[in-house]
Amino acid sequence: MAYLLFKYASISAAVLVGLYAGLLGLLTTSSFQAHVVYLHKIQMTWFKDLDVPESFGFLRSQTTPFSIKSSTGGTLYAWHILPIELYRHHEPALLTEPSGFASDITSRFAFKLLRDDPDARLIIHMHGAGGTVGSGYRVPNYRALSAGQPNKIHVLTFDYRGFGRSRGTPSERGLCIDAIAVVDWATKVAGIPPSRILIFSQSLGTAVSLAISEHFALQSPPTVFAGAILVAPFVDAQTLVATYRIAGSIPIISPLARFPLLFNYLQTFIKDKWLSKDRIAGYIRANEAIGEKYRLTLIHAEDDYDVPSHHTEVVFWHAVNATVPRGITYDELEEVKYKSKKDLGAAGSVMEWRTKNGVIREEMLKTGLHDVIMGNPVITMAVMRIFEAADPSFK
Ligand SMILES: *[C@@H]1O[C@H](CO)[C@@H](O)[C@H](O)[C@H]1NC(C)=O
C-alpha cells in the first residue's frame, strides 16, 4: 500500500516536473513569450463592446472611441474621456452628438472642448499588461486622474498593438512606436503643448512611459512634459520575471533561482528587456544636463503581490543616483531616506529627492494592491501636485 502510494506520488511528481519543463521550453519561443509577457489576448472585456463606452459606466458621449495611426502603418484604438464638470457644463450639446466610434474625431464637439481650451490639461494613459482600455480598475483610474480639476483634465487612453482592437503583435519596439504616435497625436492633432501633458502609467505601461520619456528628452530641442506618474514600475524584464508570481502565488521561473546556471540560461531568452532602471537614469541625466525641469512620481503599494514594491525602491535609487555626480549607493540612499522620509502612518511614507531642476518623489503605500491603487485619491493628488508645480496658476 505504502509502496503504491509512493509510486503514484512519484509518477505525478514526474508528470508535474515534465509539464513545468514543457512550459519553460515554450517560454523560450518568442511568440509564446509575447503572450506571457504582454497577456494581450486576455481581454477581460470579452462581452462588452468598447465602442459603447456607456456600457463601462460613462455618460452618453462622455467618451469618444477613435483611432490613431501608428507610424508603422497600424491603427491604435483609443478613447478620449471628458472630465465630469466639463461634461456637466456642456451636457445639452453633448446629448445631441452622435455616440460611438468616431471615424473623424476632429468633427466631434468633445474633441473641440479639448483642442480649443487653452487651459485644458491632458493625461496620456499607458496601461499595464493584459486587457483593454476598458478593463478592470482602469475606468475608476480615469476618474481619479481628472478628479482634481474636473473642468480641465482630459484623459487619452489607448490599446497598444495586439491589445483589444489594435492589430498586431506586441514587442518592446512596437509598443514604444505606438506610444510615440499617441503623443504626436496629442501635440499635433489636438494641439496640446507638452507642458500641459502628463504621462500616467501603470505596471508594464511604466516601462513604455520611461522609454518614450527618455526618447523625447534626448531630442533636440527636447520635448518636456509637465511630468510623469508611474504606478507599480519594475526594474527591468529580467528582474520582473525572476520575482513575478501568477495571481500573486504561482512563481514562474523564480523557483529556478536555486539553479543559477539554468536560471541565467533561461533569462537570456527574454527578448524584450525593458531596461527601466537605465531609462529613468538616462531621462534624468538628459534633463539635468540641459537644465530642463522634470517631475517624476513613483507610487507602489506594499501589498502589491504581482510586482513586489521593492522594484520601486530600486528604480527610485537609479533615478536619484543619476542626479549625483559621484553616484550614491543603495545603502547610502536608504540612510538619507531613514532621516528625511515623511511617515504617514497607515497611509505609508513619502520621500522626495529635489535637485535644482527636478523632483523625484517616491510614495510607498501600505495598501492598494497592484490595480486598486489606480482609482484611489493618492492618484488625484499626484496629478494635481505635478500640474500645479508645472504651472502655479493651475490649482
Ligand atoms: C550611479 O551613478 C554613477 C555616477 O554617474 C555611475 O558611475 C554609476 O554607474 C551609477 N550606478 C548605477 C547602479 O547605475
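Residues numbered from 1 in each chain as written. Predicted model: local features only at pLDDT ≥ 70, side-chain atom pairs only at ≥ 80, totals over all residues. Heavy atoms only, no water.

Looking at an unreviewed UniProt entry, one finds the protein chain named AB hydrolase-1 domain-containing protein and attributed to Lepraria neglecta.

A short note on the overall build of the protein chain
For the protein chain, the helix and strand inventory stands at 14 helices and 12 strands. Looking at the protein chain residue by residue over its 395 residues, the buried ones come to 51%. The long-range fraction of contacts in the protein chain, counting pairs at least 24 apart against all pairs at least 6 apart in sequence, stands at 72%. Element-wise, carbon and sulfur atoms account for 61% of the exposed surface of the protein chain, whose accessible area totals about 17,800 Å². (Helix = DSSP H or I, 4+ residues; strand = E, 2+ residues; numbered from the N terminus. Buried < 20%, exposed > 50% of the residue type's maximum accessible area, 1.4 Å probe, protein only. Contact = heavy atoms within 4.5 Å. Areas by Shrake-Rupley, 256 points an atom, 1.4 Å probe, with all protein chains shown as cover.)

Details of the nonpolar core
With 69 residues, the main nonpolar core has Ile124, Leu156 and Trp274 as its most contacted residues. Examining the composition of this core, we find that 9 residues originate from one element, helix 7 (residues 172-189), more than from any other. Taken domain by domain, the makeup of this core includes at least three residues from each of domain 1 (1-38 + 249-271) and domain 2 (41-248 + 272-390). Sequence-distant contacts of Ile124, defined by excluding residues within four places in its chain, comprise Leu156, Phe158, Val182, Val183, Ala186, Ile197, Leu198, Ile199 and Phe200. Membership of the second largest hydrophobic core comes to 32 residues, among which are Trp79, Ile81, Leu198 and Ala301. (Core = buried A, V, L, I, M, F, W, Y, C linked by side-chain atoms within 4.5 Å. Domains from an automatic or database assignment.)

A look at the site of the ligand
The full set of residues close to the ligand is Arg285, Trp317, His318, Asn321, Pro325 and Gly327. Taking Arg285, its side chain carries an N or O atom lying 3.1 Å from an oxygen atom of the ligand. In the complex, 49% of the free accessible area of the ligand, which totals 360 Å², lies under the protein chains. Here the shell around the ligand is built from residues that sort into 2 nonpolar, 3 polar and 1 charged. (Near = heavy atom within 4 Å. Polar contact = N/O pair within 3.5 Å; in protein donor to acceptor, adjacent residues only side chain to side chain. Nonpolar A, V, L, I, M, F, W, Y, C, P; charged D, E, K, R; others polar.)

Re the sheet that holds strand 3 (residues 121-126)
The 10 strands lie next to each other as 1-2-4-3-5-6-9-12-11-10, forming an open sheet whose pairing is mixed. With one partner strand each, in any of the chains shown, strand 1 (63-69) and strand 10 (342-343) form the two edges of the open sheet. As paired strands, strand 6 (residues 227-231) and strand 9 (residues 294-301) are joined by 4 bridges and run parallel to one another. Bridging across to strand 9, Ile229 finds its partner in Thr297. On the sheet, helix 7 packs against strand 1, strand 2 (75-81), strand 3, strand 4 (153-158) and strand 5 (197-202) and is oriented at approximately 145° with respect to strand 4. Across the sheet, helix 14 (residues 377-390) touches strand 3, strand 4, strand 5, strand 6, strand 9 and strand 12 (358-365), and the angle it forms with strand 9 is around 170°. (Pairing = 2+ DSSP bridges. Axes fitted to C-alpha atoms, helices over the stretch in contact; angles between N-to-C directions.)

Notes on the packing of helix 8 (residues 204-217) against helix 11 (residues 276-290)
It is at 9 Å that the axes of helix 8 and helix 11 come closest, and there the two elements cross at 30°. Here helix 11 runs roughly parallel to helix 8, going by the angle between their axes. Crossing angle aside, the handedness with which helix 8 passes helix 11 is left-handed. Contacts from Ala207, Leu210, Ala211, Ser213, Glu214 and Ala217 in helix 8 reach Ser276, Asp278, Arg279, Ile280, Gly282, Tyr283, Ala286, Asn287 and Ile290 in helix 11. (Parallel < 35°, antiparallel > 145°, perpendicular 65-115°, else oblique. Left-handed = near helix turned anticlockwise from the far one by under 90°.)

Some remarks on the packing of helix 12 (residues 310-321) against helix 13 (residues 330-340)
The N-to-C vectors of helix 12 and helix 13 enclose an angle of 100°; their axes lie 10 Å apart at closest approach. In this view, helix 12 runs roughly perpendicular relative to helix 13, as classed from their interaxial angle. On helix 13, the residues touching His310, Glu313, Val314, Phe316, Trp317 and Val320 of helix 12 are Tyr330, Leu333 and Lys337.

Side note on the pairing of strand 6
Where burial is concerned, most of strand 6 is hidden: 5 out of the 5 residues are buried. Neither face of strand 6 is left uncovered, since the one carrying Gly227, Ile229 and Val231 and the one carrying Ala228 and Leu230 both have all their residues buried. As paired strands, strand 5 and strand 6 are joined by 5 bridges and run parallel to one another. Note on strand 6: the bridge partner recorded for Phe200 is Ile229.

Regarding the pairing of strand 2
The side chains of a regular strand alternate between the sheet's two faces. Among the 7 residues of strand 2, 6 are classified as buried, and the element is accordingly described as predominantly covered. One ladder, built from 7 bridges, connects strand 1 with strand 2; its direction is antiparallel. Bridge assignment links Pro65 to a residue of strand 2, and that residue is Trp79. In this structure, strand 2 lies alongside strand 4, joined through 4 bridges in antiparallel fashion. For Trp79, the partnering residue across the bridge sits in strand 4 and is Thr157.

Observations regarding the pattern of salt bridges
Considering all chains together, one arrives at 19 salt bridges under this definition. For Glu172, the salt bridge is made with Arg279, and the minimal N-O distance between the two is 2.8 Å. A residue pair is termed long-range when its members are at least 10 positions apart, and Glu172 in helix 7 and Arg279 in helix 11 qualify at 107 residues. Residue Glu172 is classed as buried on the basis of its relative accessible area of 12%. Among the salt bridges present, the one from Glu334 reaches Lys337, with a minimum N-O distance of 3.5 Å. Remark: Lys337 and Glu334 occur in helix 13; sequence separation between them is 3 residues, near one turn of the helix. You can call Lys337 buried: its relative accessible area is 6%. (Salt bridge = Lys/Arg side-chain N within 4 Å of Asp/Glu carboxyl O.)

Side note on the environment of His311
With respect to the secondary-structure elements, His311 resides in helix 12. In this structure, the C-alpha to C-alpha distance between His311 and Ala232, residues 79 residues apart in sequence, is 7.9 Å. If we ignore the near neighbours within four places in the chain, the residues touching His311 are Pro233, Phe234, Val235, Thr239, Leu240 and Thr243. Of the polar contacts made by the side chain of His311, one reaches the backbone nitrogen of Val235; its length is 3.1 Å.

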